[in-house]
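# Close look at the chain arrangement
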Amino acid sequence: MNTTKNKQPIKEISHQDIYSIVDLWERLKSWEEVLIVLEKFFEGDSRPLNKQLIVRRYYAYSQVFTLFYLDFSQSIQEMESQLVELRQRKKV
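In terms of regular secondary structure, the protein is built from 3 helices and 0 strands. Going from the N terminus to the C terminus, the protein shows its helices and strands as α-α-α. By residue count, 12% of the 92 residues in the protein fall in the buried class. Considering only contacts within the protein whose residues lie at least 6 apart along the sequence, 76% involve residues at least 24 apart. Taken as a whole, the protein presents about 8,100 Å² of accessible surface, with 57% of it coming from carbon and sulfur.

Below, the structure written as structure tokens:
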């Protein structure tokens, strides 16, 4: 049995476990550019307001945010279940 310096058993983690967590991380990271665009939209600026344009953009960006939120929530649940599984993994 493999042990750490403190004589604790080492948990078995496969490459597939690592790849699935990396995949999940990349999925979350892919939202970074989109969220920057959303942040710029919601920053206040001093230009004259075009109410119709603001309403159209607000609707479009709210749809993008809704997709992000659903994906983010699902990703967090997947990551949580992966971490629980890794914690319960047998020790080698």
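For the rest of this paragraph, the subject is the packing of aromatic side chains. Evaluation of the coordinates by the stated rule reveals 4 aromatic pairs. Arranged with centres 6.0 Å apart and planes meeting at 45°, the rings of Phe-65 and Phe-68 form a pair that is tilted. Residue Phe-65 and its partner Phe-68 are both found in helix α3 (residues 51-88); the two are separated by 3 residues, about one turn of the helix. Its relative accessible area of 13% is what places Phe-68 among the buried residues.

Locating Asp-17 in the fold gives a position in helix α1 (residues 15-29). With a relative accessible area of 14%, Asp-17 lands in the buried category. Apart from the residues within four sequence positions on either side, Asp-17 is in contact with Glu-85, Leu-86 and Arg-89.

This next bit is on the packing of α1 against α3. It is the contact of α1 with α3, at a shortest axis distance of 10 Å, that shows an interaxial angle of 160°. When the axes of α1 and α3 are compared, the pair comes out roughly antiparallel. Crossing of α1 against α3: the hand is left-handed. For the pair α1 and α3, the contacting residues are Asp-17, Ser-20, Ile-21, Leu-24, Arg-27 and Leu-28 in the first and Asp-71, Phe-72, Gln-74, Ser-75, Glu-78, Met-79, Gln-82, Glu-85 and Leu-86 in the second. Of the residues belonging to the contact of α1 with α3, the class tally is 6 nonpolar, 4 polar and 5 charged.

Thresholds, definitions, all that
Residues numbered from 1 in each chain as written. Predicted model: local features only at pLDDT ≥ 70, side-chain atom pairs only at ≥ 80, totals over all residues. Heavy atoms only, no water. Helix = DSSP H or I, 4+ residues; strand = E, 2+ residues; numbered from the N terminus. Buried < 20%, exposed > 50% of the residue type's maximum accessible area, 1.4 Å probe, protein only. Contact = heavy atoms within 4.5 Å. Areas by Shrake-Rupley, 256 points an atom, 1.4 Å probe, with all protein chains shown as cover. Phe/Tyr/Trp six-rings, centres within 6.5 Å; stacked < 30°, edge-to-face > 60°. Axes fitted to C-alpha atoms, helices over the stretch in contact; angles between N-to-C directions. Parallel < 35°, antiparallel > 145°, perpendicular 65-115°, else oblique. Left-handed = near helix turned anticlockwise from the far one by under 90°. Nonpolar A, V, L, I, M, F, W, Y, C, P; charged D, E, K, R; others polar.

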